[in-house]
Amino acid sequence: RRGGGNGGSAADGGTHADQAGEVAGYTHLSADQIRSDQCGEQRDQHVRIAVAKHPSAPTDTLKLLATDPECQVRAGVAGNTASPADALRQVATDSQDNFPALVENDSAPIDLLRRFAADPDVTVRWGVAASAATPADVLLALADDPEVRGCIVARPEVPVEVLITIAAVAAN
């Protein structure tokens, strides 16, 4: 078994240290190895989730995992700041369950943040408002949204012109 741990993974009753060792044993795998039928162990859902979340996972592996049949694996890619833009765009075509993790990812492409600023789900808009990657013009557009204003003003790095706009909108 890769990664060593003698207690199994945390998912099957082992310790988190065992699980970390197991994940470390898989992060070097290429997309072809993960896809291969000869590598059944790395096809385990819990391992794929952990690899998708791992900050050192290879780019080609993250691209592959962005199309994984398991939503939780794709969510790992969505929240991983190491995920390349095309993998994040792939996840953006996915189940809405992954949108909050995607927009909270500080590596999310600006075009996705712009798109999700108008999402009907308030948790997605909160994520856009809270993301350090969201540009000022998108924050200004969100200033009209009473459900997310608090997320914007809570960020210390928000440009003062955005705060002035929010204060003026809130006063009306």
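Residues numbered from 1 in each chain as written. Predicted model: local features only at pLDDT ≥ 70, side-chain atom pairs only at ≥ 80, totals over all residues. Heavy atoms only, no water.

So, about the overall build of the protein chain. Tallying secondary structure elements over the protein chain gives 12 helices and 0 strands in all. Seen in sequence order, the protein chain has helices and strands lined up from the N terminus as α-α-α-α-α-α-α-α-α-α-α-α. For the protein chain, buried positions account for 44% of its 172 residues. Pairs at least 24 apart in sequence give 35% of the contacts found in the protein chain among residues at least 6 apart. Surface exposure of the protein chain reaches about 8,400 Å², of which carbon and sulfur atoms provide 52%. (Helix = DSSP H or I, 4+ residues; strand = E, 2+ residues; numbered from the N terminus. Buried < 20%, exposed > 50% of the residue type's maximum accessible area, 1.4 Å probe, protein only. Contact = heavy atoms within 4.5 Å. Areas by Shrake-Rupley, 256 points an atom, 1.4 Å probe, with all protein chains shown as cover.)

For Ser83, the location among the structural elements is in the loop between α5 (71-79) and α6 (85-91). Residue classification places Ser83 among the buried residues on the basis of a relative accessible area of 5%. Polar contacts involving the side chain of Ser83 include one to the main-chain carbonyl oxygen of Val77, which spans 2.7 Å. Not counting residues within four places of it along the chain, the set of residues in contact with Ser83 comprises Leu62, Val77 and Leu88. (Polar contact = N/O pair within 3.5 Å; in protein donor to acceptor, adjacent residues only side chain to side chain.)

On to the nonpolar core. Counting residues in hydrophobic clusters, the biggest one holds 37 residues, and the most contacted among them are Val77, Leu102, Phe116, Val128, Leu142 and Ile152. Other than its neighbours up to four places away in sequence, Phe116 contacts Ala92, Phe99, Leu102, Val103, Val124, Arg125 and Val128. (Core = buried A, V, L, I, M, F, W, Y, C linked by side-chain atoms within 4.5 Å.)

Let's shift gears to the packing of helix α3 (residues 45-53) against α5. Closest axis-to-axis distance for the α3/α5 pair is 7 Å, and the angle between their directions is 15°. One finds that α3 runs roughly parallel with respect to α5. Seen from above, α3 lies across α5 with right-handed handedness. From α3, Gln45, Arg48, Ile49, Ala52 and Lys53 reach across to α5, where they touch Gln72, Val73, Gly76 and Val77. (Axes fitted to C-alpha atoms, helices over the stretch in contact; angles between N-to-C directions. Parallel < 35°, antiparallel > 145°, perpendicular 65-115°, else oblique. Left-handed = near helix turned anticlockwise from the far one by under 90°.)

Inspection of α5 places Val73, Arg74, Gly76, Val77 and Ala78 among the buried residues, and these make up the whole buried set. Buried residues in α5 make contact with α3, α4 (59-65), α6 and α7 (99-104).

Under the criterion given, the structure shown has 8 salt bridges. One salt bridge connects Arg48 with Asp68, and the closest N-O pair in it is separated by 2.6 Å. Here Arg48 is found in helix α3, whereas its partner Asp68 is found in the loop between α4 and α5, with 20 residues between them in sequence. This pair shows no difference in class: Arg48 is buried, exactly as Asp68 is. Linking Glu147 and Arg125 is a salt bridge whose minimum nitrogen-to-oxygen distance equals 2.7 Å. You can see Glu147 sitting in the loop between α10 (136-142) and α11 (149-153) and its partner Arg125 sitting in helix α9 (residues 122-130), a full 22 residues away along the chain. Classification of Glu147 by relative accessible area gives partly exposed; the value is 48%. Overall, the relative accessible area of 8% leaves Arg125 in the buried class. (Salt bridge = Lys/Arg side-chain N within 4 Å of Asp/Glu carboxyl O.)

Right, let's talk about α9 for a bit. Within α9, the full set of buried residues consists of Val122, Val124, Arg125, Gly127, Val128 and Ala129. Buried residues along α9 sit in contact with α7, α8 (110-116), α10 and α11.

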